[in-house]
Amino acid sequence: MRRPIRIAGALSAALVVGGGLALAGAALAQEAPANDDPGGPLIDLDWSVALRGSYTADSAKGSRYEAIVAPEVSLTRHYLGGDASIGAGAAVSVDQNKTIRVDEAHANAALSFTLDQFTTLKGSLSLSDTQLSPFDASLPANTLSGPNELTGTATGSATRRFGQFDVTGTLTGERFIKGPTTLADLSTIDNSDQSYWMGQASLRTGLEFTAKTSVFVEASEAYTLYDRPNPSLLVHTNNRTLQLRGGVAFTQPGTLTAELSAGRAWIDYADSTLTDRPAWVANGSVSFTPDETVTLAASLDTSVGPSANTAGDTDVAYTLTGNAGYRVNPWLTLRGSAGFNHTLTLGTSAVDQGYNAGVGADLSTSRHTAWTFDYLFSHDQKTGNPATDSHSVTLGLKFRK
């Protein structure tokens, strides 16, 4: 059964925050004094509203269509030594059953400050509330209403240079709350065992070999505390995760930025009945802009945690993503994307993997409007289950500043 009060509340909050930020930005832009930095504006106000319609054909859950409205607003304050920004947005959908759902609402704030020529401080806060679609692959086939996932994250870091060396320390705190899943018969599945508190500390030390190349070592420790015991095991899956990675970074200012690291991770469960596991981890990113018309980017990420499919086991998930953009002319931009994910359950060696590929285009018809087109193909294969494919086509109109 839907929860209209929660949906209306989230939508109202998103609109109030977004509207408030827009009004505040307009007032600041009009009344702001002379810029501390003559080379740029003191206040940047950016906003957009996207209207989209999509059709999806899924081999497992059939076909469906939905309409989406997605407002977004951000405000950035530039000053000598750093930047401060706040933002908010939401995505509200209506499906073929005329069901209205707030797919996602978020708000964030970030601050960076250069204390001196050797020291940089950064901090950020973010809050998001996402409701999974009833057609999400992770949910039962007879799902009526997907669960809400509320995530709050706070991060702070400090970087200090010592000649050719640099040291960065980072602290992160996260709160995740997952609500119940409502089935077609109006029964619910309690997901509170997946809600958690997480704290993490990391330390990275780098050595500059040349003006463009450096090597680094990064160590981190995280502790995750779950709200309730796992319903199958009747024990908490609280754990401590340690990682040690070494890597290399390369920067060609204005053209290429690349980083790759690999190492070892250990997950240590608080309950002695659960098996502690080691795993190989790798992380990386690359951004390449050879000229003003071409943009290429890719990233590799690894996560280690309690298994989502086998109670008491451990999953190691590797995710590789890439995207490309080509600006044909001032009015037309072509886009492409691809991704691959591979999740290995260490105890059973079960594999859940898939890939996706998509193309898109943005056509500007005026300074403030642009038409968007996207096509996405996804394939997923899980051990012991038939493969599933999906095709999605989306057409949209975006109004922007």
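Residues numbered from 1 in each chain as written. Predicted model: local features only at pLDDT ≥ 70, side-chain atom pairs only at ≥ 80, totals over all residues. Heavy atoms only, no water.

Caption draft 1: Inspection of the layout of surface pockets at higher detail. Estimates place the volume of the second largest pocket at around 270 Å³. For the lining of the second largest pocket, the secondary-structure elements that each account for two or more residues are strand S7 (148–162), strand S11 (196–208), strand S12 (213–226), strand S13 (239–252) and strand S14 (256–269). Broken down by class, the residue content of the lining of the second largest pocket amounts to four nonpolar, seven polar and six charged. (1 Å grid on protein atoms, 1.4 Å probe; cavity = no way out; pocket = protein on both sides within 12 Å on 5 of 7 lines; lining within 4 Å. Points joined across faces, edges and corners; volume = space filled by probe spheres on them. Helix = DSSP H or I, 4+ residues; strand = E, 2+ residues; numbered from the N terminus. Nonpolar A, V, L, I, M, F, W, Y, C, P; charged D, E, K, R; others polar.)

Caption draft 2: How the structure looks around the sheet that holds strand S9 (residues 181–183). Taken together, three strands build an open sheet; the order of strands is S6-S9-S10 and the sheet is antiparallel. Strands at the two margins of the open sheet, each flanked by one partner only, are strand S6 (143–145) and strand S10 (188–189). Sheet analysis places S6 next to S9, joined by two bridges and oriented antiparallel. The residue of S9 that forms the bridge with Thr143 is Leu183. (Pairing = 2+ DSSP bridges.)

Caption draft 3: Geometry of the pairing of S7. Relative to S7, strand S5 (residues 119–131) runs antiparallel, the two sharing 13 bridges. The residue of S7 that forms the bridge with Thr119 is Arg160. Pairing of S7 with strand S8 (residues 165–178) involves 14 bridges; the strand directions are antiparallel. Following the sheet pairing, Ala158 is matched in S8 by Gly169.

Caption draft 4: Spatial organisation of the pairing of S8. Hairpin remark: S7 followed by S8, antiparallel, with two residues in the connecting loop; positive phi at Gly163, about 65°. Alignment of S8 against S11, held across 12 bridges, turns out to be antiparallel. Residue Thr168 lies in a different strand from S11, and its bridge partner there is Arg204.

Caption draft 5: Representation of the side chain of Arg101 within the structure. Following the sequence through the fold, Arg101 ends up in strand S4 (residues 100–116). A relative accessible area of 4% means that Arg101 is categorised as buried. At a separation of 2.6 Å, a polar atom in the side chain of Arg101 contacts the side chain of Asp103. (Buried < 20%, exposed > 50% of the residue type's maximum accessible area, 1.4 Å probe, protein only. Polar contact = N/O pair within 3.5 Å; in protein donor to acceptor, adjacent residues only side chain to side chain.)

Caption draft 6: Fine view of the confidence of the model for the protein. Of the residues in the protein, 90% reach a pLDDT of 70 or more, and the chain-wide mean stands at 89. Highest mean pLDDT in the protein belongs to S12 (98); lowest belongs to helix H1 (residues 4–31) (36). Segment residues 1–38 is flagged for pLDDT under 50; beyond a separation of four residues in sequence, or across chains, it makes 55 contacts in the model. (pLDDT = per-residue confidence, 0-100. Contact = heavy atoms within 4.5 Å.)

Caption draft 7: Quick peek at the environment of Arg161. Here Arg161 shows up in strand S7. The class for Arg161 is partly exposed, based on a relative accessible area of 30%. The spacing of Arg161 and Phe118 is 43 residues in sequence and 5.0 Å in space, taken between C-alpha atoms. Apart from the residues lying within four places of it in its own chain, the contact partners of Arg161 are Phe118, Asp166 and Glu208.

Caption draft 8: Main features of the environment of Gly336. Looking at the secondary structure, you find Gly336 in strand S18 (residues 332–345). Taking relative accessible area as the criterion, Gly336 reaches 24% and is therefore assigned partly exposed. If sequence neighbours within four positions are ignored, Gly336 has contacts with Gly322, Asn323, Ala324, Gly358 and Val359.

Caption draft 9: Seen up close, a nonpolar patch on the surface. Taken together, the side chains of Trp331, Leu363, Trp371, Phe373, Val393 and Leu395 define a hydrophobic patch exposed on the protein surface, amounting to about 600 Å² of accessible area. Those elements that provide at least two residues to the nonpolar patch are strand S20 (369–382) and strand S21 (388–400). Classification of Trp331 as exposed rests on a relative accessible area of 53%. (Patch = residues over 30% accessible without salt bridge, like charges linked within 9 Å, V, L, I, M, F, W, Y side chains within 5 Å. Areas by Shrake-Rupley, 256 points an atom, 1.4 Å probe, with all protein chains shown as cover. Salt bridge = Lys/Arg side-chain N within 4 Å of Asp/Glu carboxyl O.)

Caption draft 10: Seen up close, the pattern of salt bridges. Tallied over the entire structure, the rule returns 13 salt bridges. We note a salt bridge from Arg204 to Glu218, for which the minimum N-O separation is 3.9 Å. With Arg204 in strand S11 and Glu218 in strand S12, this pair connects stretches of sequence that are 14 residues apart. A relative accessible area of 21% means that Arg204 is categorised as partly exposed. For Glu218, a relative accessible area of 17% puts it in the buried group. The residue Arg335 makes a salt bridge to Asp362 at a minimum N-O spacing of 3.0 Å. Of this pair, Arg335 sits in strand S18 while Asp362 is found in strand S19 (residues 351–364), placing the two residues 27 residues apart along the sequence.

Caption draft 11: Spotlight on the packing of aromatic side chains. On inspection of all chains with the given rule, the structure shows four aromatic pairs. A centroid spacing of 5.3 Å and a plane angle of 25° characterise the contact between Phe176 and Tyr196, whose relative ring orientation is stacked. Pair noted here: Phe176 is in strand S8 and Tyr196 is in strand S11, with a separation of 20 residues, a long-range link. Note on accessibility: Phe176 and Tyr196 belong to one class, buried. (Phe/Tyr/Trp six-rings, centres within 6.5 Å; stacked < 30°, edge-to-face > 60°.)

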